[in-house]
Amino acid sequence: MVTRESSWCQRHQPPPPPPPGDLEDVRASLEKISGSGFSDIELMRAFVSGPPVSFVMPLTIEDHRGVNEHGQELVANLILQVTLPPLYPSESNPPLIEFKDVMITDKLAEHLDDVTLKSIAYFEESELRSFLLSETAEACAAEGPCIYELVATHLIERAFDFSHMHPFV
């Protein structure tokens, strides 16, 4: 559960785009590897023995249930880190999901620039993570990579089913 205070705009600026040369470097590396004489098995072993693929996804999720009993329309801004296991995708090796930061606020409230925002609600992260993995395990095994389904379908539609208001609201 993430309940710390944060100044969302100051701490979480989107990363700058990669320099144009990076894509050319990747293409050159791939061409070099493909002409290196290594077998597919050797290349897969080299890839699997490397560090896991990990990425972060900044997300904004609106509460689809509408206005709550406090007259608030909730919106969550979160940073989700996804780490793919070496044998991804497979049902027995789901992605590792971490909620790096969560800020749930009232969409209708006005915020002053000089006031630190406080999250007015929180997610039961372990329950939400278990739900997400159980819902996507079958899709990962049957259809291949399932990150889009995990986020677009299940997280956006059901995240607020696992939320609770802080007592100070």
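This report concerns the structure included in the present document. The shown structure was predicted, so the numbers you read here are calculated from the model rather than taken from an experiment.

## A short note on the side chain of Asn-68
Part 1 of the argument: Residue placement: Asn-68 occurs in the loop between β1 (53–62) and β2 (74–84).
Part 2 of the argument: Sequence-distant contacts of Asn-68, that is, excluding residues within four places in its chain, are made with Leu-74 and Met-165.

## Some remarks on the pairing of strand β3 (residues 96–106)
Part 1 of the argument: Of all eleven residues in β3, eight are buried, a share of seventy percent or more.
Part 2 of the argument: Bridge analysis of β2 against β3 gives ten bridges, and the strand direction is antiparallel. By the bridge assignment for β3, Leu-74 is matched with Asp-106.

## So, the pattern of salt bridges
Part 1 of the argument: For the structure shown, the criterion picks out five salt bridges.
Part 2 of the argument: Of the charged contacts in the structure, one is a salt bridge between Asp-63 and Arg-65, with a shortest N-O distance of 3.0 Å.
Part 3 of the argument: Overall, Asp-63 belongs to the buried group, its relative accessible area being 7%.
Part 4 of the argument: The residue Asp-161 makes a salt bridge to Arg-158 at a minimum N-O spacing of 2.5 Å.
Part 5 of the argument: Residue classification places Arg-158 among the partly exposed residues on the basis of a relative accessible area of 32%.
Part 6 of the argument: Linked through salt bridges whose partners overlap, the residues forming this network are Glu-62, Glu-73 and Lys-107.

Analysis parameters
Residues numbered from 1 in each chain as written. Predicted model: local features only at pLDDT ≥ 70, side-chain atom pairs only at ≥ 80, totals over all residues. Heavy atoms only, no water. Helix = DSSP H or I, 4+ residues; strand = E, 2+ residues; numbered from the N terminus. Contact = heavy atoms within 4.5 Å. Buried < 20%, exposed > 50% of the residue type's maximum accessible area, 1.4 Å probe, protein only. Pairing = 2+ DSSP bridges. Salt bridge = Lys/Arg side-chain N within 4 Å of Asp/Glu carboxyl O.

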